[in-house]
Amino acid sequence: MEKNWKDKISTPALILNYDIMEKNIEFMANFAKDNNIDLRPHVKTHKCPKIAQMQLKAGAIGICVARIGEAEIFAQNGIDDILIANQVVDLNQIKRLIDLNKKCLVRVCVDSEKNILDLNRIATQNGITLEVLLEVDVGLGRNGVKSGEHALELANLIKKQKGLKLVGLQGYEGHLISVKDSEMRKKLTESCMNLLIGTRDLLNDNGFDINYLTASNTVTYMFSVNCKGITEIQPGTYVFNDEHHYKIVDEFEIATTVLGTISNIPGKRFYTTDVGLKAITNDNGNPIFKNFPKSKIKIMTEEHSIFRSTPNTNFKIGQKIEINPTHICTTVNLYDFFTVIKDGEIIGRWDILARGKNY
Ligand SMILES: Cc1ncc(COP(=O)(O)O)c(C=O)c1O
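A quick note: this is a predicted structure, and the numbers were derived from the prediction, not measured.

Let us now look at the sheet that holds strand E5 (residues 105-110). The strands that make up a sheet are held in pairs by hydrogen bonds between backbone atoms, and each pair lies either parallel or antiparallel. With parallel pairing, the eight strands of this open sheet are ordered in space as E2-E9-E8-E7-E6-E5-E4-E3. This sheet does not close on itself; its edge strands, each paired only once, are strand E2 (38-39) and strand E3 (63-65). Here three bridges tie E5 to strand E6 (residues 130-136), and the two strands are oriented parallel to one another. Looking at the pairing, Cys-109 lines up with Leu-133 of E6. Across the sheet, helix H6 (residues 148-159) is in contact with E5, E6 and strand E7 (164-171); its angle to E6 comes to roughly 175 degrees.

So, in structure tokens, the structure goes:
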């Protein structure tokens with residue numbers, strides 16, 4: 001009998017369904033086109049240049065990354081318009097950021113005086129003008145300036161720096177990622193975007209000419225595109241989706257699973273798999289079995305998870321089982337490659353080249 005693709009794979013393995021991913025990429029690209037907004041996907045979700053190229057081909061204008069190490073990998077692989085949607089503060093990393101800007105466009109967000117002065121010093125020493133975005137804290141409480149006055153102060157400081165150019169504002173409403181009620185999410189997204197737009201107005205009333213506003217994610221993009229003034233969205237998770245986000249945005253099917261093998265039956269209806277915390281993360285709650293959502297994981301250790309099946313479901317030792325991650329971005333970072341499946345066949349291994357490049 002012909003072997004099923006699952007039997008050809010050594011587990012635990014990260015599986016990527018090509019067709020679902022392609023549909024997700026097209027959906028977001030078409031949505032952005034139809035709404036006349038720029039799409040700059042956050043590639044921290046897949047960390048894979050091959051997938052970024054698919055997103056660009058579908059219409060994305062560039063990419064976002066979180067770290068300089070990721071920017072280096074994507075730049076080496078032909079991507080020449082990168083926004084580090086985060087701060088680069090470490091002096092060694094600033095040097096690398098400036099070096100990378102000699103080869104392609106790599107913008108970065110700023111939110112403190114010290115960082116602005118450090119970036120300027122190293123940019124000037126290297127004869128570079130670094131394009132920066134001022135980050136506004138729209139409620140997440142992680143990065144960004146908290147008030148309009150502080151934003152204006154820092155914008156004026158940037159203006160005085162020969163090595164820097166202020167090109168836009170970023171606001172990231174990441175605190176809304178678990179708001180399921182869509183009316184509530186809409187209202188909250190709009191108030192976050194109004195903070196960003198209000199900051200732009202304050203700056204422009206004081207002599208700036210800022211038009212580039214970037215924001216949003218997989219669960220808020222549909223609302224921020226209607227906020228006049230937002231010019232770019234930066235969703236990441238949509239490309240694969242996961243169990244956490246699927247409860248909120250079901251327009252994106254889950255494209256990525258972890259394949260495991262049942263290794264033991266330690267008790268009645270209890271099963272051990274080889275998918276532990278080194279193969280799938282549980283920071284958003286325990287992962288869910290793709291075809292057996294009622295079978296629940298009870299214990300996760302480094303190399304194993306133990307789950308309890310429903311009364312009518314039996315599994316065999318050696319049986320392969322697919323698991324949906326609850327947080328795909330942290331799970332992908334555990335793997336060297338995706339095993340890519342199309343029409344029930346393995347079509348390749350795609351390297352996750354920026355995996356672990358968090359430094
Ligand atoms: C600054 C920034 N932008 C965009 C995103 C994308 O969010 P999501 O993966 O939920 O679409 C993230 C996610 O962490 C982020 O930190």
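Moving on from the coordinates now.
Here the structure, examined in full by the defined rule, presents 17 salt bridges. Residues Asp-81 and Arg-40 are paired through a salt bridge, measuring 3.0 Å at the closest nitrogen-oxygen approach. Of the two residues, Asp-81 sits in strand E4 (residues 81-84) while Arg-40 sits in the loop between E2 and helix H2 (49-58), which places them 41 residues apart along the sequence. Take Asp-81 and Arg-40: they sit in the same class, and that class is buried. Where Arg-107 meets Glu-131, a salt bridge forms, and the shortest distance between an N and an O atom there is 2.7 Å. Here the residue Arg-107 occupies a position in strand E5, and Glu-131 occupies one in strand E6, the gap between them amounting to 24 residues. Assigned by exposure class, Arg-107 and Glu-131 land together as buried. Each of Lys-6, Lys-290 and Glu-322 takes part in salt bridges that share partners, so that together they form one network.

The subject of this paragraph is a positive patch on the surface. Together, Lys-180, Lys-247, Lys-268, Lys-294, Lys-296, Lys-298 and Arg-308 give the surface a local cluster of positive charge. For Lys-180, the location among the structural elements is in the loop between E7 and helix H7 (182-205). Of the residues examined, Lys-180 reaches a relative accessible area of 52% and is grouped as exposed.

Quick look at the domain arrangement of the chain now. The domain architecture assigned to the chain consists of domain 1 (5-13 + 251-351) and domain 2 (18-237). Contacts between domain 1 and domain 2 engage 17 residues on the former and 20 residues on the latter. Of the roughly 1,600 Å² buried where domain 1 meets domain 2, counting both sides, 67% is carbon and sulfur surface. In terms of surface lost to domain 2, no three residues of domain 1 exceed Phe-252, Cys-329 and Trp-350, which account for 39% of the buried area on that side. Here domain 1 is connected to domain 2 by one salt bridge. The closest approach of N and O atoms between Lys-342 and Asp-19, which form a salt bridge, is 2.9 Å. Inspection of the region where domain 1 meets domain 2 yields four residue pairs in polar contact (both at pLDDT 80 or more). Breaking the side of domain 1 that touches domain 2 down by element, the ones donating at least two residues are helix H10 (328-332), strand E16 (337-342) and strand E17 (345-351). For the side of domain 1 that touches domain 2, the leading source of residues is E16, giving four residues.

The next subject is the state of the cysteines. Enumeration according to the criterion identifies zero disulfides in this entry. The thiol of Cys-64 is not disulfide-bonded; the next cysteine sulfur, from Cys-109, is found 8.1 Å away.

For the ligand, the set of nearby residues contains 13 residues, the closest of which are Lys-44, Thr-218, Gln-234, Gly-236 and Thr-237. A distance of 3.1 Å separates an oxygen atom of the ligand from a polar side-chain atom of Arg-142. Here the ligand has 390 Å² of accessible area as a free molecule, and 90% of this is covered by the chains. Class assignment for the residues of the shell around the ligand results in three nonpolar, eight polar and two charged.

Here helix H5 (residues 113-125) contains 13 residues, and its C-alpha end-to-end distance of 18 Å stays within 8% of the 18 Å for a straight helix at 1.5 Å per residue. Asn-115, Ile-116, Asp-118, Leu-119, Asn-120, Ile-122 and Ala-123 are the residues of H5 that are buried. On its buried face, H5 sits against helix H4 (91-101), E5, E6, H6 and E7.

This part takes up the packing of aromatic side chains. Going through the model one piece at a time under the given rule, you end up with eleven aromatic pairs. Each ring, one from Phe-31 and one from Tyr-221, has its centre 4.9 Å from the other, and the planes form 85 degrees; the classification is edge-to-face. On the criterion of sequence distance, the pair formed by Phe-31 in helix H1 (residues 18-34) and Tyr-221 in helix H8 (residues 221-224) is long-range, its members being 190 residues apart. The class for Tyr-221 is buried, based on a relative accessible area of 1%. When the centroid spacing of 5.1 Å and the interplanar angle of 80 degrees are considered together, the rings of Tyr-271 and Phe-315 count as edge-to-face. Pair noted here: Tyr-271 is in strand E11 (residues 270-273) and Phe-315 is in the loop between strand E14 (305-308) and strand E15 (320-324), with a separation of 44 residues, a long-range link. Given a relative accessible area of 5%, Phe-315 falls into the buried group. Taken together, Phe-27, Phe-31, Tyr-221, Tyr-238 and Phe-252 form an aromatic cluster joined through their ring pairs. Sitting over the ring of Phe-208, Lys-159 keeps its end group 4.2 Å from the ring centre.

Thresholds, definitions, all that
- Residues numbered from 1 in each chain as written.
- Predicted model: local features only at pLDDT ≥ 70, side-chain atom pairs only at ≥ 80, totals over all residues.
- Heavy atoms only, no water.
- Pairing = 2+ DSSP bridges.
- Helix = DSSP H or I, 4+ residues; strand = E, 2+ residues; numbered from the N terminus.
- Contact = heavy atoms within 4.5 Å.
- Axes fitted to C-alpha atoms, helices over the stretch in contact; angles between N-to-C directions.
- Salt bridge = Lys/Arg side-chain N within 4 Å of Asp/Glu carboxyl O.
- Buried < 20%, exposed > 50% of the residue type's maximum accessible area, 1.4 Å probe, protein only.
- Patch = residues over 30% accessible without salt bridge, like charges linked within 9 Å, V, L, I, M, F, W, Y side chains within 5 Å.
- Areas by Shrake-Rupley, 256 points an atom, 1.4 Å probe, with all protein chains shown as cover.
- Lys, Arg positive; Asp, Glu negative; His and termini not counted.
- Charge placed at Lys NZ, Arg CZ, Asp CG, Glu CD.
- Domains from an automatic or database assignment.
- Buried area = accessible area lost by both parts, 1.4 Å probe.
- Polar contact = N/O pair within 3.5 Å; in protein donor to acceptor, adjacent residues only side chain to side chain.
- Disulfide = S-S within 2.5 Å.
- Near = heavy atom within 4 Å.
- Nonpolar A, V, L, I, M, F, W, Y, C, P; charged D, E, K, R; others polar.
- Expected span 1.5 Å × (residues − 1).
- Phe/Tyr/Trp six-rings, centres within 6.5 Å; stacked < 30°, edge-to-face > 60°.
- Lys NZ or Arg CZ within 6 Å of the ring centre and 35° of its normal.

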